[in-house]
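Letter by letter, the chains look like this.
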Amino acid sequence: MIKYGVIGTGWITREFIEGSKAVGGLELSAVYSRTLEKGMEFAQQFGCNHVYTDLNDFAKSPIDAVYIASPNSFHYEQSKFMLLNGKHVICEKPITVTPEELSELQGIAKQKGLVYMEAIMYLYSPARARLIEAIKKIGNITSAHFDFSQLSSKYQEYKNGELPNIFNPKFATGCLMDLGIYCVYPTLDFFGMPERIISCAGLMKSKADGFGSSIIVYPDKQITLTYSKLGQSQSPSQILGDKGTIKIGSISQLNDIKTIYNDGSVETVTERIPKVETMSFEAQGFYLYITQQEKYSEIYDYASDLALNVNKTLKIIRKQCSIRF
């Protein structure tokens, strides 16, 4: 049994804990929170009796692994501290703010024989393998459009004059780092590193990016990415081939995927998968990386390399869009 602790008490941590229950080999054993009252309230919901408000005490506790879901700006320092204390780490996206930070921490993890992975739902969903097979059937691909535009629940607060974390560059957040990353991941996963990137973004008064777009250029194709926290998309993502088109209802969870061939026939690739179930897939990947490192080393190495390439791409896009933290 792998005993794990969590840093962060938001909704995404709840989803991960619920998802990890399906794995069987993961047990929530500790909660870290800046305030004892909030930590106790959160931990009691899951029958956890160990709550820490001191990160050093938390790191010294008898846990094997840590799930980190704090604001982006804390990911590097908290991940490094946990790795140096011998804990396996699964960290919410973006795993670090810069590729230099990520490369350093990947080196520490490797040196210590620890697992250090980015929590990205898309990569661990069984739907990914089905989508890859579907891509092979639609012929020559010259274009695709990946979109993740979701109206933020915090946008009204921002319009009311408040400054939620997600719209505060101090926390290394904004649309690209929150939603755009889900468009970058499949682009690099399916098509590799591009030869050129063209990006622009809409900066808010807080200097956070509220929306943006990128054209990812390859010698034989162009992939368009769009992402927004200021509006709600009603259209699917698409991959266009000369034999058919793949429609993807949710690029982040790989839900509602269908292939529409040129003759009008339709093939269902995957139906809707509940959110908690998609979280269980990444929790299972974490567990298998820890408990069967040799068996899953090739997959782990690919995921680590992909995470680094995604991080490098995000840095390029931020520079082009004058997104600064």
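Numbering of residues starts from 1 in each chain and follows the order in which that chain's sequence is written. Selection of residues for local features in this predicted model requires a pLDDT of at least 70, selection of side-chain atom pairs for listing and counting requires 80 or more, and totals for whole chains, interfaces and linings are taken over all residues. Neither water nor hydrogens contribute to the side-chain values; these are computed over all heavy atoms in the structure.

K.L.:
What is the right way to look at the packing of aromatic side chains in this model?
P.N.:
One pair of aromatic rings is described through two measures. These are the centre distance and the angle between the planes. Pairing of aromatic rings covers Phe, Tyr and Trp, the last through its six-membered ring, and needs centres within 6.5 Å; plane angles under 30 degrees mean stacked, over 60 mean edge-to-face, and all others mean tilted. Under the definition given, this model contains 15 aromatic pairs. Ring geometry for tyrosine 122 versus phenylalanine 190: centroids 6.2 Å apart, planes at 75 degrees, classification edge-to-face. Placement of tyrosine 122 in helix 6 (residues 121–124) and of phenylalanine 190 in helix 9 (residues 175–191) is noted, with a sequence separation of 68 residues between them. Exposed residues in this analysis have more than 50% of their type's maximum accessible area, buried residues have under 20%, and partly exposed residues fall in between, with area computed by a 1.4 Å probe over protein chains only. On the basis of relative accessibility, which here comes to 0%, the residue tyrosine 122 falls in the buried class. Using a relative accessible area of 17% as the deciding quantity, one classes phenylalanine 190 as buried. In this description a helix means any DSSP run of H or I spanning at least four residues, a strand means any run of E spanning at least two, and both kinds are numbered starting from the N terminus.

K.L.:
Explain the sheet that holds strand 5 (residues 88–92) to me, please; I cannot follow it from the model alone.
P.N.:
Through backbone hydrogen bonds, the strands of a sheet pair up, either in parallel or in antiparallel fashion. The pairing criterion for strands is at least two bridges between them, as found by DSSP. Spatially, 3-2-1-4-5-6 is the arrangement adopted by the six strands of the open sheet, whose pairing is parallel. Pairing within the sheet leaves two strands with one partner each, and these edge strands are strand 3 (51–52) and strand 6 (116–119). One ladder, built from two bridges, connects strand 2 (residues 26–32) with strand 3; its direction is parallel. Counterpart to tyrosine 32 in the pairing with strand 3 is tyrosine 52. Contacts are assigned to residue pairs with any non-hydrogen atoms lying within 4.5 Å of each other. Under this scheme, a helix contributes an axis fitted over its contacting stretch, all axes are lines through C-alpha atoms, and angles between N-to-C directions fall in the 0 to 180 degree range. Across the sheet, helix 10 (residues 275–291) touches strand 1 (2–7), strand 2, strand 4 (65–68), strand 5 and strand 6, and the angle it forms with strand 5 is around 155 degrees.

K.L.:
Even after reading the chapter, I still don't get the packing of helix 5 (residues 99–112) against helix 11 (residues 297–321), so can you show me in this structure?
P.N.:
Each pair of packed helices can be described by the angle between their axes along with the distance between the axes. Contact pair helix 5 / helix 11: the axes reach a minimum separation of 9 Å and the direction vectors enclose 160 degrees. By the angle class used here, helix 5 and helix 11 are roughly antiparallel. Across from Pro99, Glu100, Leu102, Ser103 and Gln106 in helix 5, the residues of helix 11 making contact are Ser304, Ala307, Leu308, Asn311, Lys312 and Lys315. For the contact of helix 5 with helix 11, a count of residues per class yields four nonpolar, four polar and three charged. Roughly parallel means an angle under 35 degrees; roughly antiparallel means over 145; roughly perpendicular covers 65 to 115; every other angle is labelled oblique. Note on residue categories: nonpolar means Ala, Val, Leu, Ile, Met, Phe, Trp, Tyr, Cys or Pro, charged means Asp, Glu, Lys or Arg, and polar means any other residue, Gly included.

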